[in-house]
Every structure is written in structure tokens, then in C-alpha cells.
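Residue-level structure breakdown
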There are 2 protein chains.
Amino acid sequence: MKRRVFLKSAGVGLAATAVAAPAIAQSMPELRWRLTVSWPKSLDTLYGGPEHLAKRVAELTDNKFQIRVFAAGEIVPALQVLDAVQNGTVEAGHTASYYYVGKDPTFAFDTSIPFGLNARQQYAWMHFGGGNQLFQEFMKDYGVHPIPCGNTGAQMGGWFRKEIKKPEDLQGLKFRIGGFAGQVLTKLGVVPQQIGGGDIYAALEKGTIDAAEWVGPYDDEKLGFNKVAKYYYYPGWWEGGPQVSLYVNMKQWESLPPIYKAALQAASGEVNAWMVAKYDAQNPPALRRLIAGGTVLRPFTREVMEACYKSANELYAETSAKNAKFKKIYDSWVQFRNEQNLWFRVSEQAFDRFMNDKSAQRKS
Amino acid sequence: MKRRVFLKSAGVGLAATAVAAPAIAQSMPELRWRLTVSWPKSLDTLYGGPEHLAKRVAELTDNKFQIRVFAAGEIVPALQVLDAVQNGTVEAGHTASYYYVGKDPTFAFDTSIPFGLNARQQYAWMHFGGGNQLFQEFMKDYGVHPIPCGNTGAQMGGWFRKEIKKPEDLQGLKFRIGGFAGQVLTKLGVVPQQIGGGDIYAALEKGTIDAAEWVGPYDDEKLGFNKVAKYYYYPGWWEGGPQVSLYVNMKQWESLPPIYKAALQAASGEVNAWMVAKYDAQNPPALRRLIAGGTVLRPFTREVMEACYKSANELYAETSAKNAKFKKIYDSWVQFRNEQNLWFRVSEQAFDRFMNDKSAQRKS
């Protein structure tokens with residue numbers, strides 16, 4: 001009798017722990033993922049984003065969910081991240097969606113389209129303006145679940161060997177510029193060139209191209225463009241707030257336990273703030289170094305900006321007329337952008353303008 | 001003998017699960033926290049920040065770490081969050097540090113000081129400009145571990161019953177304005193009033209005060225200020241990018257397992273991007289409604305802005321001279337701010353200005 005009592009109580013005890021152990025194994029299984037990115041390791045802010053993500057996810061899961069980050073070219077070429085995630089070569093990627101506008105121009109909205117949103121507005125559109133739903137729906141056809149995961153802030157207009165004073169100066173210019181923006185500039189006579197980050201310097205040095213844009217002072221200095229071009233133009237009107245994204249293979253995403261989905265979402269949200277902040281902290285000293293080294297800063301003239309703005313709007317009308325997916329997102333997006341600018345004209349712009357005027361008065 | 005065998009094997013079995021169970025129990029113990037905030041539930045963006053945090057932390061921990069959010073006044077008054085966290089009445093709080101400048105003006109840096117950083121620059125300062133280290137060190141004396149957890153973006157300058165055209169118009173003005181900014185305005189003859197959010201409307205309606213500032217269109221509309229004051233001024237130069245923070249009782253923080261620390265950090269980082277985005281999405285339609293209802297938008301004149309800027313700089317010099325803790329942070333902070341403005345003058349400002357000009361041309 002005593003033994004039966006013992007067996008029974010031991011059984012109860014074992015059952016209790018047996019309930020706990022599989023529950024934990026199920027909610028936090030051991031998982032190893034490969035994440036391939038579009039950036040070389042040297043660009044420690046773009047590359048640092050997915051690295052921060054991987055570190056945070058490991059911390060959040062007691063190292064049970066481990067993500068290994070591979071730089072551009074290590075296992076997948078820089079501009080083939082989408083394909084690799086889509087066909088399951090890797091579980092995840094980190095890239096800029098506008099690299100894939102050749103497949104469909106609609107991809108551009110996830111990163112930035114010319115004369116679009118600044119970094120804050122882009123995040124607001126994704127999370128509170130319908131952007132996430134629209135883009136997730138669009139990417140279902142590619143078997144990928146996208147999550148916003150970083151932003152560079154407004155980029156620079158790039159490095160030019162000659163000054164650009166009027167729209168005519170763009171005629172015949174061989175300009176390394178990515179994606180959709182190239183099509184805008186084609187209307188103004190530019191010959192856009194698609195060249196991976198690592199090969200731009202050589203092309204500009206040899207004169208194969210006349211100009212090149214990349215990101216901003218901190219990254220551009222690393223790639224050495226200041227050594228082969230004198231004029232550094234701003235603003236990069238085609239990338240007022242370019243977002244980079246975490247791509248997750250849809251089957252992998254759907255099979256994740258809720259804790260791991262939450263970990264990817266929370267860490268990606270954190271990386272968004274983290275990446276912009278890292279760029280903002282690192283760009284000012286880089287800009288100072290570039291100017292001290294002889295780089296000449298130039299704003300695009302109003303005339304050039306207006307010509308590009310007109311060209312961009314024409315392209316949006318043409319693309320909307322022939323691509324229903326593009327039109328669906330554009331119509332929602334443009335309304336959101338216009339409302340954002342209405343609001344930013346008030347307090348944000350008035351505050352920033354005053355502070356920037358004070359900065360100019362300091363002449364430092 | 002049989003019984004002893006059974007006991008032994010049962011013991012082994014229990015030992016095996018006992019190794020796993022305490023490991024999990026140790027890294028993810030059941031935890032219930034109370035988090036008191038400075039906001040009423042009706043302000044669903046400020047209040048929504050800690051709510052989002054609590055929800056995310058629960059998801060990240062399989063509901064083992066549960067945080068219950070209490071609105072202002074439910075268990076702790078709105079402006080006593082610091083004390084409640086410090087003395088352990090609650091484990092955590094969500095508040096604006098500048099509510100506590102009465103204890104020490106140094107508290108203001110964690111939120112915003114007049115003519116300070118915009119939302120992006122504030123986050124960059126905290127995470128890459130030394131802000132977090134400096135403020136965490138400062139708050140050790142209060143037994144609190146602070147984590148940046150949200151931002152409203154540049155606030156509005158507030159609601160005025162009469163127009164403010166020149167600095168003299170500020171003389172004798174009874175203005176509901178929080179913290180450090182009140183001291184700047186005192187130099188210009190303003191009589192600052194400290195009034196909790198829920199009591200401002202009545203004071204403005206009765207004429208106990210002449211003007212009041214709160215946050216921006218979305219929140220201000222909820223509190224009904226447009227019904228009792230006509231002129232809505234901008235920018236809120238005292239809050240170009242006010243940050244709100246998660247306060248964690250230091251002993252509670254130190255006793256947290258690493259997974260829970262990571263959960264609070266990741267979720268707070270995410271809330272930072274989340275809150276600014278929610279404000280950005282909700283402010284434009286609120287502003288439209290206010291204007292349609294008769295609110296008159298007015299920019300502070302350059303003359304008024306310059307007088308306030310001068311007054312602020314005088315106050316910083318005076319405070320630095322008598323408060324070493326303030327001086328230590330100010331000296332680091334002001335250098336970072338100046339570098340930020342140098343950089344923002346270039347691409348960010350040029351891009352935003354062009355887009356805002358286009359918005360003005362649309363006259364919508």
C-alpha cells in the first residue's frame with residue numbers, strides 16, 4: 001500500500017515535470033539559422049544591424065535561437081539575397097528591397113522612392129500607415145515575410161567629378177545609382193550604372209563612370225570616393241529615408257514558435273532606432289574629415305531638383321498606368337506622404353530650421 | 001529491494017529533470033511587476049508605450065514575466081513615479097525625467113532641454129553619444145536604472161488666448177509649462193505654472209492661466225484645449241525631441257535574469273521607434289480637424305525665438321556654474337548637439353525643406 005502510494009505520488013511528480021519540459025522544448029527549440037546580407041563587413045552600420053539583431057535574439061532566447069550572419073558574397077552575392085531567401089538557400093536575409101525593382105518596381109516602396117519619406121515618416125508609414133500590410137501582401141508571391149530592420153537617414157547625393165549646375169549638365173552622365181532613381185534620371189539624359197559597392201571606387205577612378213552615390217559621409221569615406229571625385233552633392237532626393245529589411249523565408253516564418261517571432265519583431269524594431277542613431281552619431285565627424293581633406297560640398301540647385309521632381313512624378317504616373325500592384329501601394333503611400341509633409345512643415349521643420357540656423361551662425 | 005531500485009531510478013529521473021527545470025526556472029522565473037506611469041489611459045500614445053512594452057515582454061517570455069501597467073493616479077500620482085520606483089513601492093515606472101528638475105536640473109537631459117536635440121538626435125546621443133552612460137551614472141544616487149522608452153517628436157508651442165508677437169507680450173503671462181523651460185521663460189517675465197495634464201483644461205477655461213502647452217495636435221485635441229484658446233503656436237522649442245523613459249528599481253534590475261534584461265532593452269528600443277511613429281501618423285489628421293474647427297496656427301516670431309534662445313543659454317551657464325553634475329552632462333551634450341546640427345543642416349534639412357516646400361505649393 002505504501003509502495004502504491006509512493007508510485008502514485010511519484011507519478012504525479014513526474015507528470016508535472018513532464019508537462020513542463022516538452023512545453024519549453026516546444027516554445028524554445030534549438031534553432032540555427034543562416035542570414036545573408038547585401039553588405040560587406042566593413043560597412044559596420046548596415047552590417048551591424050543584422051549583427052545586433054542576431055546578438056539580441058540569442059540573448060532573448062538563452063542562445064537557443066542562433067542566427068549566423070554572412071557578409072555579401074560569403075555564401076550569396078550582394079544583390080541575390082531575395083532569391084536566396086525565396087528558394088530556401090538561407091532562412092533569412094538583410095537587404096534593401098529596391099535592389100529588386102528589375103523584378104517589379106513595387107519593391108521600391110519598402111526602401112525608398114525618389115522624393116519620398118524621411119526615416120521617421122517611413123517607419124510611421126510601415127507601422128501605422130498600412131505599409132507593412134501592403135508590402136507583406138505583395139511579398140507573399142515571393143514566399144518571403146519582410147520586417148523593417150534599419151534605416152540610414154537621408155543619404156547624400158553622391159560624388160561627382162564635375163559640377164552639376166543645371167539639368168543639362170546631367171546629359172550623358174554615367175552615374176552609378178541604384179534601382180528606381182536611375183529611371184528618373186534616365187529621363188534627364190543620365191546613363192545609370194548598376195555596380196556593387198565594392199567595385200565603385202575602381203570604376204570612378206578609371207573614369208568608366210563620372211559619378212557615384214552610395215550612402216553618406218561615414219560609409220562613403222570608408223569606400224574612399226573622396227580620393228577620386230571632388231564634389232559631394234546633397235541631398236540624395238531619391239533616398240530621403242531608405243529602409244533596409246529583414247527577409248524571412250515564409251515557411252520558416254510560419255514554423256517559428258511565438259517567442260521567436262516576437263524576438264525577431266522586437267529586435268528588428270530596436271535595430272531600426274539603433275541604425276539611424278549610429279549613422280547620425282558617425283556621420284558628422286566623417287563629414288568634417290572629408291571637408292578637411294578637400295571635399296567640396298554642393299547642394300543640388302533648385303532647378304536641378306525641380307527637373308528631377310517632375311521626372312519622378314511622370315515616372316510614377318507611367319508606372320501606375322501599367323502596374324496594378326505598384327498603383328495600389330502608390331495611391332495609399334502618396335496620400336500618407338502628403339499628410340506627413342503637412343505636419344512636418346509645422347513644428348518639426350520650424351524647430352530644426354531654427355537650430356540649423358544657429359549652427360550656421362556658429363560657423364563651426 | 002524493488003522499492004529501493006525504483007526509488008533510485010525515480011531519483012535519477014527526478015535528478016535529470018531537476019537539472020533542466022531549475023535551469024529554466026533560473027533563466028525564466030515567474031515574475032509579476034507593477035509599472036506606474038505619468039499618463040492617463042486616454043493619451044493612448046504615451047500610455048500605449050509601456051502597454052506595448054508589457055505586451056512584448058510577455059510574448060518574449062512565454063508570459064512568465066508579466067508587467068501590469070497602472071495609469072497616473074491609480075496607485076501613484078502622475079508626478080511621483082520617480083519616488084515610487086526609488087523606494088520600491090513599484091518595480092518600474094514610465095515617465096518624463098524632467099518632471100523631477102526640482103530635485104536636480106540634471107534630470108532634464110534625459111527628456112529634453114530647451115533648444116536641444118530632435119527625436120532622432122536624442123536617441124543618437126543616448127546610444128552613441130554617451131547619454132545613456134552619463135544618465136545611468138547620475139541616476140545611481142536615486143537607485144533607479146533608466147532606459148529610453150519613447151519620444152513624442154517636436155512638440156507644439158501650446159495654446160494661447162492672445163497673440164504673442166514680441167518678447168514683451170510674454171510679460172506676466174501665466175503659462176502652464178513643465179520643468180526647466182519654465183525657468184527659461186521666467187527670465188522673460190512669464191509666470192510658469194505646474195499643473196497636471198488632467199487639470200489644465202479647467203484652469204485655462206477659468207482664466208486661472210493664460211496659456212498652456214501639452215504635447216501636439218493628437219493629444220491636445222483629446223484634452224480639449226482648442227475649445228478654450230484660439231492660437232496654437234509652434235515650435236515647442238523647449239521640447240524638440242522629448243524622450244520618455246522606463247525607470248527600473250535598481251535592486252530589481254540587478255536581480256533580473258539576462259533574458260529579462262534583454263527583453264526590457266529590446267522592447268524599449270522598439271517602443272522608441274513605435275511611439276514616434278504613432279504620433280507622426282496621428283498628428284496630421286488631428287491638426288486638420290483642429291484647423292477646420294477654428295484653431296489659428298501661429299509660428300513664434302524670430303524675435304521671440306531669439307529672446308528665448310538667449311535666455312536658455314544664460315540659464316545653462318548659471319546652472320553649470322553651480323551644479324557640477326549638470327555641467328558634466330551639459331559639456332558633453334552641447335558638443336554632441338552642435339555636431340548633430342552641422343550634419344542635419346546638410347542632407348536631412350535640404351531634403352525635408354524641399355519636400356515641405358512642395359507640400360506648401362500643393363496648398364492642401
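Predicted model, so just to flag it, every value in this text is computed and none were measured.

Rules behind the numbers
- Position numbers for residues count from 1 along each chain, tracking the sequence in the order it is written.
- For naming, the first written chain is A and the first written ligand is 1, with later ones following in the order written.
- Per-residue local features of the predicted model are confined to residues with pLDDT of at least 70, and side-chain atom pairs are confined, for both listing and counting, to 80 or more; whole-chain, interface and lining totals are unaffected and use all residues.
- No hydrogens and no water enter the side-chain calculation; it runs on all heavy atoms of the structure.
- Here the term buried applies to any residue with accessible area under 20% of the maximum for its type, exposed to any over 50%, and partly exposed to those in between, with areas from a 1.4 Å probe on protein chains only.
- Helix numbering and strand numbering both begin at the N terminus, where a helix is a DSSP run of H or I of at least 4 residues and a strand a DSSP run of E of at least 2.
- Each pair of strands is called paired provided DSSP finds at least two bridges between the two strands.
- Here, two residues are considered to be in contact whenever any of their heavy atoms come within 4.5 Å of each other.
- Using a 1.4 Å probe, buried area is obtained as the accessible area two parts lose upon being combined, added over both of them.
- Whenever Lys or Arg places a side-chain nitrogen within 4 Å of a carboxyl oxygen from Asp or Glu, that contact is recorded as a salt bridge.
- Whenever a nitrogen or oxygen atom comes within 3.5 Å of another N or O atom, the pair is scored as a polar contact, on the condition that within protein one atom can donate a hydrogen and the other can accept it, and that pairs from neighbouring residues in sequence are kept only if both atoms are in side chains.
- Residues were grouped as follows: Ala, Val, Leu, Ile, Met, Phe, Trp, Tyr, Cys and Pro as nonpolar; Asp, Glu, Lys and Arg as charged; and all remaining residues, including Gly, as polar.
- C-alpha atoms of residues with pLDDT of at least 70 in both copies form the basis for the least-squares superposition of the copies.
- Between N-to-C directions, angles span 0 to 180 degrees; the directions come from axes that are lines fitted to C-alpha atoms, helices contributing only their stretch in contact.

Overview of the pairing of strand β10 (residues 243-249) of chain B
All names here are of chain B.
- Taking burial as the measure, the seven residues of β10 include seven buried ones, the bulk of the element.
- Alternating residues of β10 divide into Gln243, Ser245, Tyr247 and Asn249 and Val244, Leu246 and Val248, and every residue in both groups is buried.
- Of the strand pairs in this sheet, strand β3 (residues 92-95) and β10 are connected by four bridges, and their pairing is antiparallel. Across the sheet, Thr95 pairs through a bridge with Ser245, a residue of β10.
- Taken together, the six bridges between strand β4 (residues 144-151) and β10 define a ladder with antiparallel strand orientation. Bridge pairing links His145 to Val248 in β10.

Focus on the interface of chain A and chain B
- Taken together, the contacts link 84 residues of chain A with 83 residues of chain B.
- Interface area, chain A with chain B, both sides summed: about 7900 Å², of which 64% is carbon and sulfur.
- At the junction of chain A and chain B, the tally comes to eight salt bridges.
- In this structure, the salt-bridge partner of Glu339 of chain B is Arg288 of chain A, at a minimum N-O distance of 2.6 Å.
- Linking chain A with chain B are 26 residue pairs in polar contact (both at pLDDT 80 or more).
- Elements with a minimum of two residues in the side of chain A that touches chain B: α1 (2-27), α2 (48-60), α4 (119-128), α10 (258-292), α11 (302-322), α12 (324-344) and α13 (347-362) of chain A.
- The dominant element in the side of chain A that touches chain B, judged by the number of residues it contributes, is α10 of chain A, at 19 residues.
- Its residues assigned to classes, the side of chain A that touches chain B comprises 44 nonpolar, 21 polar and 19 charged.

Digging into the relation of the copies chain A and chain B
- Between chain A and chain B, which share one sequence, the superposing operator has a rotation angle of 180 degrees and an axial displacement of 0.0 Å; the RMSD is 0.0 Å. Those values place the two copies in the arrangement expected of a two-fold rotation axis. For chain A, the minimum C-alpha distance to the rotation axis belongs to Glu270 of chain A and amounts to 2.2 Å.
- Both copies share a contact surface, since 99% of the interface residues of chain A are interface residues in chain B too.

Observations concerning the sheet that holds β3 of chain B
Residues and elements named next belong to chain B.
- Spatial strand order, β2-β1-β3-β10-β4: five strands in an open sheet with mixed pairing. Two strands bound the open sheet, and with one partner strand each, they are β2 (65-70) and β4. Here the average twist between neighbouring strands, direction ignored, is 25 degrees.
- Taken together, the three bridges between strand β1 (residues 31-37) and β3 define a ladder with parallel strand orientation. Across the sheet, residue Thr36 finds its bridge partner in β3, namely Gly93.
- Relative to the sheet, helix α2 (residues 48-60) contacts β1, β2, β3, β4 and β10, its axis offset from that of β2 by approximately 165 degrees.

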